[in-house]
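Here's the letter readout for the chains.
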Amino acid sequence: AAVPPVPAENMAKQLADQSGLGDPLCFDWSEEGIYSDARVREIHWNRAYGRFWLQSLGMCDWVWPNFISRKHTAETGSTYGATPEYEFFQAVTGRDLSYEESIELGHKFWVLDRAIWALEGRHRDQEVFTNYVYDVKTTKPFPLVVFEDGKWAALCQGRTPDRDKFEDFKTRFYAHEGFEESTGRPTRSGLEALDLGFAADKLEAAGSWERDGHG
């Protein structure tokens, strides 16, 4: 089995510290933890970080975000990685953008993407995994941190997602993001809160809400 560079409890804390989420349970990949409200907040962060740093700026998702670093351990005695201090945006562009502002922008990009998908007819019923993900148990050990029986460990295998729990998770995630719970589409109020009222106008003009009874 792969051995993480730091103990599981320390790793969960580092992930929470460096992401800015502040709650180690946001990174609990246990069988129950993956459906928690803390994980809802992590997925919110995940989508926002990804939209800004990976999909927009083109940073390598094999490396970034860089939360755990063996290199830093050798050089400084710390296992903390480069994210978020070394995201390089200011050095490359000359623009003084904070990490927190980058996450806010990433969230805006993510919600705009959702509005475009809604115009294309996307619905929450399409946001499911292929059957084998639900039906075939994992067999290889993954060095993911899990909180079980009151303690942290670093292995995650031999299970599958639960369809009903995943659907409930989707509903709570949509509510957190300001999306319609029945369709997964952004609401007008959610779009306008991000200065994306023009997208709400497009959705309304296209009847993207009325088709499902949400005018």
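Scroll up to find the structure.
Residues numbered from 1 in each chain as written. Predicted model: local features only at pLDDT ≥ 70, side-chain atom pairs only at ≥ 80, totals over all residues. Heavy atoms only, no water.

A.B. asks: Quick question: what am I supposed to make of the overall build of the protein here?
C.D. replies: Secondary structure summary: the protein contains nine helices and two strands in total. Secondary structure elements of the protein occur, N-terminal to C-terminal, as α-α-α-α-α-α-β-β-α-α-α. Projected onto the principal axes, the alpha-carbon positions of the protein cover approximately 60 × 50 × 25 Å. With 215 residues in all, the protein has 39% of them scored as buried. Partitioning the intrachain contacts of the protein with sequence separation of at least 6 by distance along the chain shows that 59% fall at a separation of at least 24. (Helix = DSSP H or I, 4+ residues; strand = E, 2+ residues; numbered from the N terminus. Buried < 20%, exposed > 50% of the residue type's maximum accessible area, 1.4 Å probe, protein only. Contact = heavy atoms within 4.5 Å.)

A.B. asks: In this structure, what is going on with the nonpolar core? I would like to understand it.
C.D. replies: Side chains of a nonpolar character, in soluble globular proteins, are inclined to be buried together. Among the nonpolar cores identified, the biggest contains 25 residues, and Tyr49, Trp53 and Val145 are the most heavily contacted of them. Looking at this core, the elements with two or more residues in it are α1 (8-19), α2 (37-56) and α5 (99-119). Here this core takes seven residues from α2, the largest share from any one element. Beyond its immediate chain neighbours, meaning those up to four positions away, Val145 contacts Ala8, Met11, Ala12, Leu15, Phe27, Asp28, Trp29, Ser30, Trp152, Ala153 and Ala154. Val40, Trp110, Leu196 and Ala200 belong to the second largest nonpolar core, which has 15 residues in total. (Core = buried A, V, L, I, M, F, W, Y, C linked by side-chain atoms within 4.5 Å.)

A.B. asks: It is not clear to me how the side chain of Ser19 should be interpreted in this structure. Could you clarify?
C.D. replies: Relative to the helices and strands, Ser19 resides in helix α1. Within the structure, Ser19 has its side chain in polar contact with the backbone oxygen of Leu15 (distance 2.8 Å). In this structure, Ser19 is in contact with Phe27, Trp45, Phe67 and Tyr99, ignoring residues within four places of it in sequence. (Polar contact = N/O pair within 3.5 Å; in protein donor to acceptor, adjacent residues only side chain to side chain.)

A.B. asks: Would you take a moment to explain the pattern of salt bridges for this structure?
C.D. replies: Oppositely charged side chains are able to pair whenever their charged atoms sit close together. Using the criterion set out here, one finds 15 salt bridges in the structure. Asp135 is paired through a salt bridge with Arg163; the nearest N and O atoms lie 3.4 Å apart. Highlighted residues: Asp135 in helix α6 (residues 131-135) and Arg163 in helix α7 (residues 163-177), separated in sequence by 28 residues. Between Lys170 and Glu167 there is a salt bridge whose closest N-O contact spans 3.0 Å. Of this pair, Lys170 and Glu167 both sit in helix α7, three residues apart, which is roughly one turn of that helix. Residue Lys170 is classed as buried on the basis of its relative accessible area, which comes to 5%. (Salt bridge = Lys/Arg side-chain N within 4 Å of Asp/Glu carboxyl O.)

A.B. asks: Would you explain the environment of Thr93 in this entry?
C.D. replies: Structurally, Thr93 is set in helix α4 (residues 89-93). Within polar-contact distance, the side chain of Thr93 engages the backbone oxygen of Phe89 at 2.7 Å. Here the side chain of Thr93 touches Arg95 through a polar contact of 3.1 Å, landing on its backbone nitrogen.

A.B. asks: Help me out: how do you make sense of the packing of aromatic side chains in this one?
C.D. replies: Enumeration over the complete set of coordinates arrives at 17 aromatic pairs. Centre to centre, the rings of Phe27 and Trp45 are 6.5 Å apart; their planes meet at 70 degrees, and the pair counts as edge-to-face. Pair noted here: Phe27 is in the loop between α1 and α2 and Trp45 is in helix α2, with a separation of 18 residues, a long-range link. The exposure class of Phe27 is buried, given its relative accessible area of 2%. On the accessibility criterion, Trp45 (6% relative accessible area) is buried. On the numbers, 5.7 Å between centres and 35 degrees between planes, the contact of Trp45 with Phe67 is tilted. Linking Trp45 in helix α2 with Phe67 in the loop between α2 and α3 (70-76), this pair joins segments that are 22 residues apart in sequence. Judged by relative accessible area, which is 7%, Phe67 ranks as buried. (Phe/Tyr/Trp six-rings, centres within 6.5 Å; stacked < 30°, edge-to-face > 60°.)

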